[in-house]
Amino acid sequence: MTTGQVDRAPAGAPAPVTARRRITVRGVVQGVGFRPFVHGLATELGLAGHVTNTGEGVLAEVEGPPAALAAFGARITGEAPPLAVVDAVEGEDLTATGDTGFRILPSHGQGPSRTLVAPDAATCDACLAELADPADRRHRHPFITCTHCGPRFTIVTALPYDRARTTMDRFPMCPRCAQEYADPADRRFHAQPIACHDCGPRLRLLLADPGDPTAAPRPAPDPDPVAATRQLLAAGAIVAVKGLGGYHLVCDATDDTAVALLRRRKARGDKPFALMARQLDDLAHLVRIRPAERALLTGPQRPIVLLRRSPHPAPAPDAPVPSLAVAPGSPDLGVMLPYTPLHHLLLGLPDDPPPPAPPGRGDRHGPRLLVMTSGNLAGEPIVTDDEDAVRRLAGLADAWLTHDRQIRVPCDDSVVRVTDDGEPLFVRRSRGYAPFPIPLPVPVRPALAAGGDLKNVLCLAEGRRAWLSAHIGDMDDLATQLAFERAEAHLETVTGVRPQLLAADRHPGYRSGQWAQRHTDGRPLVRVQHHHAHIAAAMAEHGLDGSRPVIGVAFDGTGYGDDQAVWGGEILLADYDGYRRFGRLAYVPLPGGDTAVRRPYRMALAHLRAAGIDWAADLPPVAACPPDERRLLARQLERDLNCVPTSSMGRLFDAVSSLAGICHHAGYEAQAALALEAAALTAGEDPAPGYAFALRTGPDAPADRAAADTVADPAPLLTAVVADLRAGTAPALIAARFHTAVAGLVRRCCAQARDRAGLTTVVLTGGVFANTLLAEAAARLLRQDGFTVLRHRRVPPNDGGLALGQIVVAARTAPVHGGVGVP
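Attention in this report is confined to the structure presented alongside it. None of the values given here were measured: they were computed from a predicted structure.

## Some details on helix H18 (residues 671-680)
Phase 1 of the analysis: The buried fraction of H18 amounts to nine of the 10 residues, a majority that puts the element mostly inside the structure.
Phase 2 of the analysis: Those residues of H18 that fall on the buried side of the exposure criterion are Gln671, Ala672, Ala673, Ala675, Leu676, Glu677, Ala678, Ala679 and Ala680.
Phase 3 of the analysis: The inward-facing, buried residues of H18 contact strand S11 (304-308), helix H14 (600-610), helix H17 (649-659), helix H20 (731-757) and helix H21 (772-784).

Written out as structure tokens, the structure reads:
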């Protein structure tokens, strides 16, 4: 039977006066007002029967005239509620019972769960109107919601989706809410998170002891927690605010002192903060907002959208201007609009007076731009538990604006940018999108993929669906590993998938892989090569069935190679079943591992030495490296001590960033590369021919599984960069020429692969391709040459999309049993 259709009686059969049908609707149909919609549709058409939630989806039995049944079947998909996604509708004829009236029955959960949980959704316009209406009984209620908006995934504890299976179960409905909940004509008919001032949840504000940050916080004396919090923010305080998926650390983004203090307390380095604006007009003078970006900012998902800064901002006299410390050195600002009622209240409703001006701080209009950053220390998972928040955020926050609704699963804000063709590119896929499934082009047995160790996201899959978790974080922290375990258990609960197969990265030191090995319980574990997984993820999300290989260009910072080297500048000819390494960046030593990542000047010196270029004193990375360290580094490279070879394109970006004098120390992941991209964007037109890599062709070790047909040597490029430096060329121009050279390298290598293997589809993947300047230039050149170019649209190109690729590769690998990893 086809999706979205209800089968009809055979042609020629006599039409009964009354007929009865059982209809099962699958998809995102729980928690989105689907049962009330079915009730209203059936009542309108004069049909009797009932509707309920089950583990399969929504089950309805309808009885009445055949014409009305046919209309019901046609309208159930076309007129579904805004947050619903109907995957399939199946119908079955029943014997009429003479039923009268139409009822919503209690849910029943027998059998495995196969329905889809809706992601959390931003507050709808109808609820916002009530929030601002003094005559409405939910005026200024910080938890206002209805069937079209509010929390879903973060409060679900089990399926089928009912209030008793959410964290709202502890809040009995008051009589008026119960009446709305039971009224088919009401917008809150069977809205599970329904609440009001009378029945909760409730806010409370806790204040830290300024003399002893470790002391237990005390309740604020002000009876209005929101008004008191607005006054604290206006006075320069940092407040931990409990949101849908965890705590945020919040301060006034226009307050230089507050932003700098938050950066210092959180050990943030120079990593950009995200901004929340009250309205788009408060951003217009700061950034370029294109239609696709506007749609993301105002849609129900409300991610952080990375917007390119305006080259010549000209704010209106009363426009808010964020502190320069919000995103130093970044070409983008990460901005979002309010997505909960509490956010709207904190930023001020249209008629709200500004908070009183603190002594000595002049006239204040109230915060209209807020810094909204995850409530955690750098490297730790977002805090969700209230007691944990007080303990772990002590010393970071001056106050806690909390509430008594439990967060079932952590869910960071999603981060998205829009590419030149108007398509989304996820940097982080989380709130608003998780756990909505990715359709798979090939069927898979029930499986779990553990993802990577950075930007960890796990994945469950069965049949033709893959469910990715929310963003979990970097697995080098015990709290993150515990969050991983909770997220895995919760995802099994809401999907009903019971994995028979596990998949993980091949890196022996990855904690995600070690977790998978410990939890095999007799199930096979398939180890998937890092860059193969990146390529497979892009193939899967574009619906490729794997019957024909692609040219996979996988550029990132670190991936465990087949020869135990650190890969990251790879061109693989790949399908789901396997791959061949066609091209790579030439190996250079990675001196000191993570130390070289944190100090890009070390990577620059390693590349200079490999290229035969002297460490002359006039070169920026030479000057940046302390003399004693430089002597030790030279000895380390000469003796090949703790110098694993790497083909990483990410590390080459770091090296050129330092060589150009742009970034010598990285306080957060990819800082040097981001700074290089930011510089390149300011370069303007360049009439010069630019730089080029040297290509060596022919396998350098035919018997070696890790050999490559083509090796790209950056030595000529580095020589040209040094010449430009000594000629006084601006760093921005050097950065732009480097980006052009890398895009040209992709073009040349893919042309060679097409000539030798006859392949015409190219996948661009890996964290380096989150750099839109590079990705767009490479895609443009490839399309000019007649290639089909696939870029990520549904999952991030970085390690946040890794688990999806692991799933489809593992499903095609013949596993061994007994928990032994398959290479």
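Next comes the rest of the write-up.
## Regarding the packing of aromatic side chains
Phase 1 of the analysis: Counted according to the given criterion, the structure contains five aromatic pairs.
Phase 2 of the analysis: Ring plane angle 85 degrees and centroid distance 4.8 Å describe the contact between Phe426 and Tyr433, whose orientation is recorded as edge-to-face.
Phase 3 of the analysis: Classification of Phe426 as buried rests on a relative accessible area of 6%.
Phase 4 of the analysis: Positioned above the aromatic ring of Tyr339, the side-chain terminus of Arg431 is 3.5 Å from the ring centre.
Phase 5 of the analysis: Sitting above the plane of the Tyr587 ring, Arg584 keeps its charged end 4.1 Å from the centroid.

## A short note on the sheet that holds strand S7 (residues 218-219)
Phase 1 of the analysis: The strand order S7-S6-S14-S8-S9-S13-S10-S12-S11-S15-S16 describes an open sheet built from 11 strands, whose pairing is mixed. Edge strands, defined here as strands with exactly one partner in the open sheet, are S7 and strand S16 (424-428).
Phase 2 of the analysis: Running at roughly 150 degrees to strand S9 (residues 247-252), helix H6 (residues 256-265) makes contact with S9 and strand S13 (369-374) of the sheet.

## Let's talk about the environment of Leu286
Phase 1 of the analysis: The residue Leu286 is located in the loop between strand S10 (274-277) and helix H7 (291-298) in this model.
Phase 2 of the analysis: Leu286 sits in the buried class, given a relative accessible area of 10%.
Phase 3 of the analysis: Other than its neighbours up to four places away in sequence, Leu286 contacts Arg309, Ser310, Pro320, Pro322, Leu333 and Leu369.

## Topic: the side chain of Arg163
Phase 1 of the analysis: Position of Arg163 among the secondary structure elements: in the loop between helix H3 (125-131) and helix H4 (175-182).
Phase 2 of the analysis: Buried within the structure, Arg163 lacks any salt-bridge partner; Asp169 is the closest side chain of opposite charge, at an N-O distance of 7.7 Å.
Phase 3 of the analysis: From its side chain, Arg163 meets the backbone oxygen of Gln192 in a polar contact 2.6 Å long.
Phase 4 of the analysis: A distance of 2.9 Å separates a polar side-chain atom of Arg163 from the backbone oxygen of Ile194.
Phase 5 of the analysis: Residues in contact with Arg163, not counting those within four places in the same chain, are Met168, Asp169, Phe171, Met173, Gln192, Pro193 and Ile194.

Conventions we followed
Residues numbered from 1 in each chain as written. Predicted model: local features only at pLDDT ≥ 70, side-chain atom pairs only at ≥ 80, totals over all residues. Heavy atoms only, no water. Buried < 20%, exposed > 50% of the residue type's maximum accessible area, 1.4 Å probe, protein only. Helix = DSSP H or I, 4+ residues; strand = E, 2+ residues; numbered from the N terminus. Contact = heavy atoms within 4.5 Å. Phe/Tyr/Trp six-rings, centres within 6.5 Å; stacked < 30°, edge-to-face > 60°. Lys NZ or Arg CZ within 6 Å of the ring centre and 35° of its normal. Pairing = 2+ DSSP bridges. Axes fitted to C-alpha atoms, helices over the stretch in contact; angles between N-to-C directions. Lys, Arg positive; Asp, Glu negative; His and termini not counted. Salt bridge = Lys/Arg side-chain N within 4 Å of Asp/Glu carboxyl O. Polar contact = N/O pair within 3.5 Å; in protein donor to acceptor, adjacent residues only side chain to side chain.

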